[in-house]
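# Chain and residue survey
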Amino acid sequence: MIKYDNQRKSFILTGKDFTYALYVNRAGFLQNLYYGAKIADNDVGYLIGHIGNTVSPDPDSINMDMLFDGMPSECGFYGRGDYREPTVLYTRSDGSAMSRFRYLSYRIYCGVPEIKDMPHSRRGGQTLEITLKDDFSPVELVLNYTVWDNLNTLVRNIRIKNTGSETLKINRAFSFCTKLPERNYRIMRLHGNWAKEREVEVTHLGHGITRLQTLRGVSSHQLHPFMGILAENCDEETGECYGVQLVYSGNYALTAEISNNGFLRLQGGINDFNFNWHLVSGEYFETPQAVICYSDEGIGGLSRSFSDFLREQIIAPDKVYARRPIVVNNWEATYFDFDNQKLFNIIGEAAALGIDTFVLDDGWFGKRDGDNSGLGDWYANQNKLKGGLKAVIDRCKHNGLKFGLWFEPEMISEDSDLFRAHPDWAVCKTGTKPARGRNQLVLDMTRSEIVDYIFNAVSKILLENDISYVKWDFNRTLTEFYSQKLPADRQGEFAHRFILGTYKLAERLTTAFPGVFFEGCAGGGGRFDAGVLYYFPQIWTSDDTDGYERTKIQWGTSICYPVSAMSCHVSVCPNHQTQRVTPFNTRGVIASLGATGYEIDLSKISEQEKEQVVKQIADYKKIDELVLKGDLYRLSNPFDDNYFCVMIVGKDKMSAYVAGERFRGDPADRNRILKLNGLAEDKTYIIEELGITASGKALCCAGILFPRLPDYGAWTWHIKAVK
Ligand code: GLA
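Because the structure is predicted, anything quoted here is derived from the model rather than measured. (Residues numbered from 1 in each chain as written. Predicted model: local features only at pLDDT ≥ 70, side-chain atom pairs only at ≥ 80, totals over all residues. Heavy atoms only, no water.)

## Focus: the nonpolar core
The test is simple: Residues belong to one nonpolar core when they are buried, are Ala, Val, Leu, Ile, Met, Phe, Trp, Tyr or Cys, and are joined through side-chain atoms within 4.5 Å. Exposed residues in this analysis have more than 50% of their type's maximum accessible area, buried residues have under 20%, and partly exposed residues fall in between, with area computed by a 1.4 Å probe over protein chains only. Contact definition: two residues touch when any of their heavy atoms are within 4.5 Å.
Core analysis: the largest hydrophobic core is formed by 195 residues, its most contacted members being I229, F358 and W364. Sequence-distant contacts of W364, that is, excluding residues within four places in its chain, are made with F338, W378, Y379, A380, N381, L385, L389, L405, W406, F407 and I461. M647, L679, C700 and I719 belong to the second largest nonpolar core, which has 22 residues in total.

Here it is, written out as structure tokens:
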């Protein structure tokens, strides 16, 4: 709910459990008033008198060294006494870049802002639109704030309007700026690498600027477009914290700046490094949405709020709660080295084991026998697949399976028909040799004719074949950041235009093929972000499916995403990435905490393992509603404990699922207590596997014993309310 108080010029935004308040001060600057736990809306007004009246009504009489740095501004400006980094920065034709944004008008309406060409929150809610005007040039900023009564997230973005007659060069276009209450904070970031995505790191947040960013052109394996700000006493389930994530998949930056007076300014959006956008007269520039969240139930509360938001607002409504296909994928089973028979062997086993979709991974098209050829040639390799895709699809159908197919749409191999026909379509600075990544180049997605080509090529395959699932990969990051078609003074637009091209393609393909289930992927989890989730309801979490490493990867990923967004598969041992051997059961338990499947040659596993597959799938079907719709509680942290354990609780608190793993034998583990979480205190539950009946309060406060299992042993408990 959003309320405007005309007398105080204040706006009070209330979500499920939080309040965000702002006001226009006497000099016309839009100021943050409060962000934290929910407060009755007529109750924060006194703060305005308390804080705001010290400001002179005349902005030019403000003694700038003393005041602007200390203002809790909702939008930072440049060159007029605020020495923190600005939110928006542009240069005019005379070279001047100073700005000062003051309040012009507001509008409150039901629904979400209309954002074209980029992923965004979809429906409901209420939006506050505040227009600020630059004191020194005809530029207006439209600040959007959307809240929902049933969600704990505030969604923001900024639209920059050029209302004058000259072209502006935008050097920075962040999506939001906010100020958090003064206190000692820690910062949480999710860093990583290929096969080691989203490791959790928490450090003290000191003075100056802490900047999380990527310059790789995609959200990246290395540093996630997420920032957590934790109060000193905040832990997994208690204390206050804030989080920001971006609905954006390209170069991003998130900054936390603590200035001399102890104020913490948070802002971020499109990375401004080498960003330069020409905004011609009469046009506007739209920034991506930032999702900001407050929790007084620790990091777990933050995660549950982000999950609810992503499921309600970002992931496609017709897919988000739909049962996910249980797939077997041939990548680790065969890599590039397959023929009809090898695939038929997997397909032949799959249906009997309960799998419903066979996904044919990389290597089915063009002349693709390794990673240095074929990308861009989206037609079946008839030498490898006798009878083409049809033969494989017919075999699937004959066996009662659906069929899925891998693409890597934005890529091109130099050894491909596409490259021979259009060498200039690859990203390359004319006259230089382009940088290769995984032996491939990237298509220039800023060019509409290239987007059209890929759309047509992929559409043709999807139209001509019975395909129900697409795995959309992206296996290298960007280099050059140069388009042969953009004018010299517009090359600074490349990185953002590239991601807009990708979004356009994803939008067109998912709209043209609503019956196809799309899965995102980028060398494992290198483009796992809210922008991608708008188009693809789930994403391959990591190429690392090791039964131990995956507990950490999935733990870190669950900080900002629902478990249903994570594709989690069982693969063989020794694991291809770590060489570690873990029990088949353990791999199945960890893979049950997401959209489950197999990455394995089913014709080569033992009869006992096949029996386990049958059981794993049957067990998964008992809990897949919880995976899709439930609330996640993280119980034991694999980064600093000998156990990994999480539980998913149904929204109605009638059932829950606990899954855990013990890493190593440790005599000190004897009689260790595991406290459950999220159950209704006054309900009585039975833990089916243990035959224990107790109240939710007892299970959450007194707990139960951790199981003592052999190294890398895993367990599950199914919990049901009995009254
Ligand atoms: C990436 C993906 C894998 C597989 C290969 C194919 O690494 O993460 O799952 O699809 O590409 O080249």
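Still more ground to cover, so stick around.
## Describing the pattern of salt bridges
Defined as follows: One side-chain nitrogen of Lys or Arg within 4 Å of one carboxyl oxygen of Asp or Glu is enough to make a salt bridge. A run of H or I in DSSP becomes a helix once it reaches four residues, and a run of E becomes a strand once it reaches two; helices and strands are each numbered from the N terminus.
Taken as a whole and judged by the stated rule, the model has 59 salt bridges. Note that E549 is salt-bridged to K196, the shortest N-O span being 3.0 Å. Linking E549 in helix α12 (residues 549–557) with K196 in strand β12 (residues 196–204), this pair joins segments that are 353 residues apart in sequence. The buried category is assigned to E549, whose relative accessible area is 11%. Overlapping salt bridges bring together D60, R80, R100, R102 and D135 as one network.

## Describing the packing of aromatic side chains
Between two aromatic rings, the relevant description is the distance of the centres plus the angle of the planes. As a reminder of what qualifies: In this scheme Phe, Tyr and Trp rings, the latter by its six-membered ring, pair at centre separations within 6.5 Å, and the angle between planes marks the pair as stacked below 30 degrees, edge-to-face above 60, and tilted otherwise. Distance and angle both matter: a charge sits over a ring if NZ of Lys or CZ of Arg is within 6 Å of the ring centre and within 35 degrees of the ring normal.
Evaluated as defined, the whole model comprises 48 aromatic pairs. Considering the side-chain rings of Y469 and F517, the 5.7 Å spacing of their centres and the 20 degrees angle between planes classify their relative orientation as stacked. Here Y469 is found in strand β26 (residues 469–472), whereas its partner F517 is found in strand β27 (residues 517–520), with 48 residues between them in sequence. Given a relative accessible area of 2%, Y469 falls into the buried group. The class for F517 is buried, based on a relative accessible area of 8%. Three or more aromatic residues joined by ring pairs make a cluster, and in this case those are F18, Y20, Y35, Y145, Y242 and Y294. A cation over an aromatic ring shows up here: K384 above the ring of F338, its NZ or CZ 4.5 Å from the ring centre. The lysine or arginine in question, R634, covers the ring of W555, its NZ or CZ lying 5.7 Å from the ring centre.

## Thoughts on the site of the ligand
Selection criterion: Nearness of a residue to a molecule or strand requires only that one of the residue's heavy atoms be within 4 Å of it. For the accessible areas, the method is Shrake-Rupley and the probe is 1.4 Å, while residue cover comes only from the protein chains on display. Here the term charged refers only to Asp, Glu, Lys and Arg, the term nonpolar to Ala, Val, Leu, Ile, Met, Phe, Trp, Tyr, Cys and Pro, and the term polar to all other amino acids, Gly among them.
The environment of the ligand is formed by 13 residues, the closest being D361, D362, K471, G524 and D543. Out of a free accessible area of 310 Å², the ligand has 96% covered by protein chains. Considering only residue class, the shell around the ligand consists of four nonpolar, three polar and six charged.

## What to know about the pairing of β12
What counts here: We call two strands paired when DSSP finds no fewer than two bridges between them.
Here seven bridges tie strand β11 (residues 185–193) to β12, and the two strands are oriented antiparallel to one another. Following the sheet pairing, L190 is matched in β12 by V200. Taking the residues that link successive antiparallel strands as the turn, the β11-β12 hairpin has two residues, and the phi of A195 there is positive, at about 65 degrees.

## Side note on helix α3 (residues 298–314)
The line we're drawing: A helix is expected to reach a length of 1.5 Å times the quantity of its residues less one.
With 17 residues, α3 ought to run about 24 Å at 1.5 Å a step, and its terminal C-alpha atoms sit 23 Å apart, in line with that. α3 sits mainly inside the fold: 16 of its 17 residues count as buried.

## A short note on the sheet that holds strand β33 (residues 655–662)
Stated formally: Every axis in this analysis is a line fitted to C-alpha atoms, fitted for helices over the stretch in contact. Angles between the N-to-C directions lie between 0 and 180 degrees.
Taken together, six strands build an open sheet; the order of strands is β31-β32-β33-β38-β35-β36 and the sheet is antiparallel. One side of each edge strand has no neighbouring strand; the edge strands of this open sheet are β31 (631–636) and β36 (692–695). Each strand axis lies, on average, 20 degrees off the axis of its neighbour in the sheet, ignoring direction. By the bridge criterion, five bridges tie β31 to strand β32 (residues 643–649) in an arrangement that is antiparallel. Bridge assignment links D631 to a residue of β32, and that residue is V649. Contacting β31, β32 and β33, α12 runs over the sheet at an angle of about 45 degrees to β32.

## So, the environment of G597
Relative to the helices and strands, G597 resides in strand β30 (residues 595–599). Residue classification places G597 among the buried positions, given a relative accessible area of 0%. When residues no more than four places from it in sequence are discounted, the contact partners of G597 are V327, C568, H569 and V570.

## Digging into the side chain of S459
Within the secondary structure, S459 sits in helix α9 (residues 448–464). Once residues within four sequence positions are removed from consideration, S459 is found in contact with L509 and F513.

## Considerations on the environment of A495
Looking at where A495 falls in the secondary structure, it is placed in helix α10 (residues 494–512). Taking the relative accessible area as the measure of exposure, A495 reaches 18% and is therefore buried. Along the sequence, A495 and L89 sit 406 residues apart, while their C-alpha atoms lie 18 Å from each other. Excluding residues within four positions of it along the chain, A495 makes contact with N251 and F481.

## Some thoughts on the packing of helix α13 (residues 584–591) against helix α14 (residues 607–629)
Stated formally: What sets the label is the angle itself: under 35 degrees gives roughly parallel, over 145 gives roughly antiparallel, 65 to 115 gives roughly perpendicular, and the rest give oblique. Crossing handedness is read from the near helix: turned anticlockwise from the far helix by less than a right angle, it gives a left-handed crossing, and turned clockwise, a right-handed one.
Interaxial distance between α13 and α14 falls to 10 Å at its minimum, and their mutual angle equals 20 degrees. What the angle tells us is that α13 and α14 run roughly parallel. In terms of crossing hand, the pair formed by α13 and α14 is right-handed. Residue-level contacts link F584, N585 and G588 of α13 to E609, Q612, V613 and Q616 of α14. Taken together, the residues that form the contact of α13 with α14 break down as two nonpolar, four polar and one charged.

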